[in-house]
Amino acid sequence: MEAGYACVARYGLAKTTVEDVARESRLSRATLYRYFPGGRDQLLRDVIAWETGRFFGRLAEAVAGAPDFPSLLEEALLFAHRAVEEHEVLQKVLQTEPERLLPQLTVESQRILVLIRRFLVPYLEREELRPGVEPEEAADYVARMLLSFIGNQGRWDLTDPAQVAELVRTELLAGVLASTRRDL
Amino acid sequence: MTLVDPGLGTQEQRVIDAALRCIARWGIGKTTLDDVAREASCSRATIYRLFPGGKDALLGAITRTELHRFFGGLARTFEEAGNLEDLLVGGVLYASRAITGHEALQFVLAYEPEVVLPKVAFRQADRVLSAVSTFAAPYLAPHVGADDAPRMAEWVARLVLTYTLAPADGVDVGNEESVRRLVRTFVLPGLVTPRAVEVERVP
């Protein structure tokens, strides 16, 4: 995976071949085909899934120490927005061959939604939710909003902690938590 | 992205409708001008005359016409809504049904996603979000104030996009009851600022 990712970073998705990855990983082509019977397509799909998983793993680690749930979402948005902007390989591929990356990333996003939802549910179970709101549905809603804002900040400036705090307390959590006041 | 009436004649519209049927059947890549001509019962020469530049020009005209149709329908939906909740519910329902019920768009999303997604993902989503929020803000402003209206319109556009592109288990954005619950549960509590309530009360 590391070798595949290095090749994509160097040559892009279209030009990376199984031979490149074999050379980079110092494995034989035959070995690679044993691991990836689907060849190049499968290898690239798996590399995209692997890096996406790593990205959200880093995100989960980054927010682990947050003092409360709203702060956790604020830190997640700040971190993820910056991480997307600074992700050189992602930005390069988005610019040069989005048509190869995005269909795959859209498939991935279904899996990512499930991961974020599972990550959020235990936090929501500890919070006091507004009457009638279930942790599962709230987790799905918040996960979708997080992904939407990570992809594109729209009118908000997600480098500004004050704006991020307002966003979290209105659009993400106003309908979810019984209280979104800070002074708790 | 233009909201100006493309001002098409009936012949152009017939060719565009025929092309949409072809795309819904075979996709953009495999649809040829011969296919469209046959479907529209006209000649290739006619298509070239109506859309100088051929297939690319036709695809551009299709995009403009469909956007015009979409925003026209959205405007009518907004105009019929009596209050903020109905406006939001109506807007989400209309937009979701327009997307999921658009056979050509659905074919392309399923089989040729590389054609559409680069135009709507990551930074490119700016164009979609800002077009929708610019369009919808004037309808929302009387309810929530001119400052909050664009922000809210963008928020609701995000909801439509996420639930139509990645369907959820518990939410059906084509179903009025389900959308009303979504709007009441997650959206209205974040909107009802003191000012919004005050504005709502003014007759």
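Residues numbered from 1 in each chain as written. Chains lettered and ligands numbered in written order. Predicted model: local features only at pLDDT ≥ 70, side-chain atom pairs only at ≥ 80, totals over all residues.

1. Re the overall build of chain B
1) Next: Secondary structure summary: chain B contains eleven helices and zero strands in total.
2) Next: What you see in chain B, going N to C, is helices and strands ordered as α-α-α-α-α-α-α-α-α-α-α.
3) Next: The burial tally for chain B puts 28% of its 203 residues in the buried class.
4) Next: Taking the intrachain contacts of chain B between residues at least 6 apart in sequence as the baseline, contacts between residues at least 24 apart amount to 59%. (Helix = DSSP H or I, 4+ residues; strand = E, 2+ residues; numbered from the N terminus. Buried ≥ 20, exposed ≤ 12 C-beta atoms within 10 Å, placed from the backbone. Contact = placed C-beta atoms within 7 Å.)

2. What about the nonpolar core?
1) Next: Residues Leu 77, Val 142 and Leu 146 of chain A together with Leu 88, Val 92, Val 156 and Val 160 of chain B are the most contacted members of the largest nonpolar core, which totals 55 residues.
2) Next: Discounting chain neighbours no more than four positions away, the residues touching Leu 146 of chain A are Ala 76, Leu 77 and Ile 116 of chain A.
3) Next: Within the second largest apolar cluster, 16 residues are counted, among which are Leu 32, Val 93, Leu 101 and Leu 105 of chain A. (Core = buried A, V, L, I, M, F, W, Y, C linked by C-beta atoms within 7 Å.)

3. Considerations on the packing of helix α1 (residues 2-11) of chain A against helix α4 (residues 39-63) of chain A
Residues and elements named next belong to chain A.
1) Next: Packing of α1 against α4 leaves a shortest axis separation of 9 Å and a crossing angle of 95°. When the axis of α1 is compared with that of α4, the two are roughly perpendicular. Residues Gly 4, Tyr 5 and Val 8 of α1 pack against Leu 43, Val 47 and Glu 51 of α4.
2) Next: Residues that form the contact of α1 with α4 fall into these classes: four nonpolar, one polar and one charged. (Axes fitted to C-alpha atoms, helices over the stretch in contact; angles between N-to-C directions. Parallel < 35°, antiparallel > 145°, perpendicular 65-115°, else oblique. Nonpolar A, V, L, I, M, F, W, Y, C, P; charged D, E, K, R; others polar.)

4. Some words on the interface of chain B and chain A
1) Next: Facing the 24 residues of chain B at the interface are 24 residues of chain A.
2) Next: Going through the elements one at a time, α7 (113-120), α8 (125-144), α9 (149-165) and α10 (176-191) of chain B are the ones with two or more residues in the side of chain B that touches chain A.
3) Next: In terms of residue count, α9 of chain B provides more of the side of chain B that touches chain A than any other element does, six residues in total.

5. Concerning the confidence of the model for chain B
Residues and elements named next belong to chain B.
1) Next: Mean pLDDT over chain B works out to 89, with 91% of the residues at or above the 70 mark.
2) Next: Counting contacts from residues 194-203, a segment whose pLDDT is below 50, to residues more than four positions away or on other chains yields ten contacts.
3) Next: As a predicted assembly, this complex carries a pTM of 0.88 together with an ipTM value of 0.87. (pLDDT = per-residue confidence, 0-100.)

6. Notes on the domain arrangement of chain B
All names here are of chain B.
1) Next: One can read the domain layout of chain B as domain 1 (8-62) and domain 2 (81-195).
2) Next: Summarising the inter-unit geometry, the C-alpha centres of domain 1 and domain 2 are found 30 Å apart.
3) Next: Between domain 1 and domain 2, the residue contacts involve six residues of the former and seven residues of the latter.
4) Next: When grouped by side-chain class, the residues that make up the side of domain 1 that touches domain 2 number four nonpolar, two polar and no charged. (Domains from an automatic or database assignment.)

7. Details of α1 of chain A
All names here are of chain A.
1) Next: Where α1 is concerned, the buried positions are Gly 4, Cys 7 and Val 8. Projected down its long axis, α1 carries its buried residues within an arc of 100°, all on one side. Those residues of α1 that are exposed and aimed more than 90 degrees away from the buried face are Glu 2 and Arg 10.
2) Next: On its buried face, α1 is in contact with α2 (18-25), α4 and α6 (88-96).
3) Next: Gly 12 occupies a position one or two residues after α1 and carries a positive phi of about 90°. (Arc of directions from axis to C-beta.)

8. Observations concerning the environment of Leu 8 of chain B
All names here are of chain B.
1) Next: On the secondary structure map, Leu 8 appears in the segment before α1 (10-30).
2) Next: Leu 8 sits in the partly exposed class, given 16 other C-beta atoms within 10 Å.
3) Next: As for Leu 8 and Thr 65, which are separated by 57 residues in sequence, their C-alpha atoms are 8.5 Å apart.
4) Next: Contact partners of Leu 8, with chain neighbours within four places excluded, come to Gln 13 and Thr 65.

9. Things to note about the packing of helix α5 (residues 84-100) of chain B against α10 of chain B
Residues and elements named next belong to chain B.
1) Next: Where α5 meets α10, the closest approach of the two axes is 9 Å, and the angle between their N-to-C directions is 125°. As the angle between them shows, α5 and α10 are arranged oblique. Between α5 and α10 lies a crossing whose hand is right-handed. The segment α5 lies against α10, with Glu 85, Leu 88, Val 89, Val 92 and Leu 93 engaging Glu 176, Val 179, Arg 180, Val 183, Val 187 and Leu 188.
2) Next: Considered class by class, the residues forming the contact of α5 with α10 number eight nonpolar, no polar and three charged. (Left-handed = near helix turned anticlockwise from the far one by under 90°.)

10. Quick look at α9 of chain B
1) Next: Given a rise of 1.5 Å per residue, 17 residues ought to cover 24 Å, and the 24 Å separating the end C-alpha atoms of α9 of chain B matches this to within 8%.
2) Next: Within α9 of chain B, 13 of the 17 residues are buried, which leaves the element mostly enclosed by the surrounding structure. (Expected span 1.5 Å × (residues − 1).)

11. Considerations on the environment of Ala 136 of chain B
1) Next: On the secondary structure map, Ala 136 of chain B appears in helix α8.
2) Next: As for Ala 136 of chain B and Ala 157 of chain B, which are separated by 21 residues in sequence, their C-alpha atoms are 9.5 Å apart.

12. Quick notes on the environment of Leu 159 of chain B
Residues and elements named next belong to chain B.
1) Next: Structurally, Leu 159 can be placed in helix α9.
2) Next: The class for Leu 159 is buried, based on 26 C-beta atoms found within 10 Å.
3) Next: Counting along the chain gives 23 residues from Leu 159 to Leu 182, while the straight-line C-alpha distance between them is 9.5 Å.

13. A look at unusual backbone geometry
1) Next: Even without being glycine, Arg 26 of chain A reaches a positive phi, approximately 55°.
2) Next: Turning to its location among the elements, Arg 26 of chain A is positioned in the loop between α2 and α3 (29-35).
3) Next: Non-glycine residue Phe 122 of chain B carries a positive phi angle of around 45°.
4) Next: By secondary structure assignment, the location of Phe 122 of chain B is in the loop between α7 and α8.

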